[in-house]
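Structural characterization, general
Take a look at the letters that make up each chain.
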Amino acid sequence: QAQPEESGGGSVQAGGSLKLSCKTRRIILSTFTGNTMSWFRQAPGKQRELVARITPERRADYADFVEGRFTISKDNTKRALFLQMNSLKPEDTAVYYCDMGPGYWGQGIQVTVSS
């Protein structure tokens with residue numbers, strides 16, 4: 001199992017910022033650079049939803065509810081995926097999951113935004 005490790009979650013007030021990181025040393029560089037990677041989230045009682053994704057060419061796509069507030073990026077050398085989250089809202093509260101491709105799904109990390 002090549003499971004990435006998410007970090008950077010926690011609790012913040014509405015309007016605050018968090019930066020999530022997802023890293024693994026168990027994925028080879030060629031696989032990391034060649035995979036489309038994504039962040040998903042799942043709130044209690046809701047379906048898992050795509051937040052953002054980034055292609056090997058670094059084309060980024062965002063869900064409508066986060067575009068303009070969140071930025072996805074990656075560092076190929078460090079084999080790390082990031083999600084910068086600004087202007088956080090209570091409805092952003094969820095468990096966030098890093099998806100580095102097939103077989104590289106993180107355990108999830110809690111993000112809680114209070115009013």
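One structure accompanies this document, and this report is about it. For clarity, every value in this text was computed on a predicted model and none was experimentally measured.

The rules behind each value
- Residues numbered from 1 in each chain as written.
- Predicted model: local features only at pLDDT ≥ 70, side-chain atom pairs only at ≥ 80, totals over all residues.
- Heavy atoms only, no water.
- Pairing = 2+ DSSP bridges.
- Helix = DSSP H or I, 4+ residues; strand = E, 2+ residues; numbered from the N terminus.
- Buried < 20%, exposed > 50% of the residue type's maximum accessible area, 1.4 Å probe, protein only.
- Lys, Arg positive; Asp, Glu negative; His and termini not counted.
- Salt bridge = Lys/Arg side-chain N within 4 Å of Asp/Glu carboxyl O.
- Polar contact = N/O pair within 3.5 Å; in protein donor to acceptor, adjacent residues only side chain to side chain.
- Contact = heavy atoms within 4.5 Å.
- Phe/Tyr/Trp six-rings, centres within 6.5 Å; stacked < 30°, edge-to-face > 60°.
- Lys NZ or Arg CZ within 6 Å of the ring centre and 35° of its normal.
- Axes fitted to C-alpha atoms, helices over the stretch in contact; angles between N-to-C directions.

Side note on the pairing of strand S3 (residues 18–23)
Direction of pairing for strand S1 (residues 5–7) relative to S3: antiparallel, over a ladder of 3 bridges. Bridging from a neighbouring strand, Ser7 pairs with Ser21 of S3. As paired strands, S3 and strand S8 (residues 80–85) are joined by 6 bridges and run antiparallel to one another. Bridging across to S8, Cys22 finds its partner in Leu81.

Regarding the side chain of Lys74
Within the fold, Lys74 resides in strand S7 (residues 70–75). The buried charged residue Lys74 lacks any salt bridge, with Glu57 as its nearest oppositely charged partner at 7.8 Å. Within the structure, Lys74 has its side chain in polar contact with the side chain of Asn76 (distance 3.5 Å). When near neighbours in sequence (up to four residues on either side) are disregarded, Lys74 contacts Phe32, Thr33, Asn35, Ile54, Thr55, Pro56, Arg58, Ala80, Leu81 and Phe82.

Quick word on unusual backbone geometry
We note that Arg58 has phi near 70°; this positive angle belongs to a residue other than glycine. Mapping Arg58 onto the fold places it in the loop between strand S5 (49–54) and strand S6 (60–62). Within the chain, Ser87 stands out as a residue other than glycine whose phi angle is a positive 50°. Summarising the element assignment, Ser87 is placed in the loop between S8 and strand S9 (94–99). A relative accessible area of 40% means that Ser87 is categorised as partly exposed.

What about the packing of aromatic side chains?
Throughout the structure, instances matching the rule amount to 2 aromatic pairs. Taken together, a centroid distance of 5.1 Å and an interplanar angle of 40° make the contact between Phe40 and Trp105 tilted. Placement of the pair is Phe40 in strand S4 (residues 37–42) and Trp105 in the loop between S9 and strand S10 (109–114), with a sequence separation of 65 residues. Given the relative accessible area of 16%, Phe40 is considered buried. Taken together, the aromatic side chains of Phe40, Tyr97 and Trp105 make up a single cluster linked through ring pairs. Directly above the aromatic system of Phe82 lies the positively charged group of Lys19, at a separation of 4.7 Å from the ring centroid.

Overview of the sheet that holds S10
Read across the open sheet, the 6 strands follow the order S2-S10-S9-S4-S5-S6; overall the sheet is mixed. If you trace the sheet from one side to the other, it starts and ends with strand S2 (10–13) and S6, each paired once. Between one strand and the next, the sheet's axes are offset by a mean angle of 25°, whatever the strand orientation. Inspection of the sheet shows S5 paired to S6 by 3 bridges, in the antiparallel sense. Paired with Ala52 across the bridge in S6 is Tyr62.

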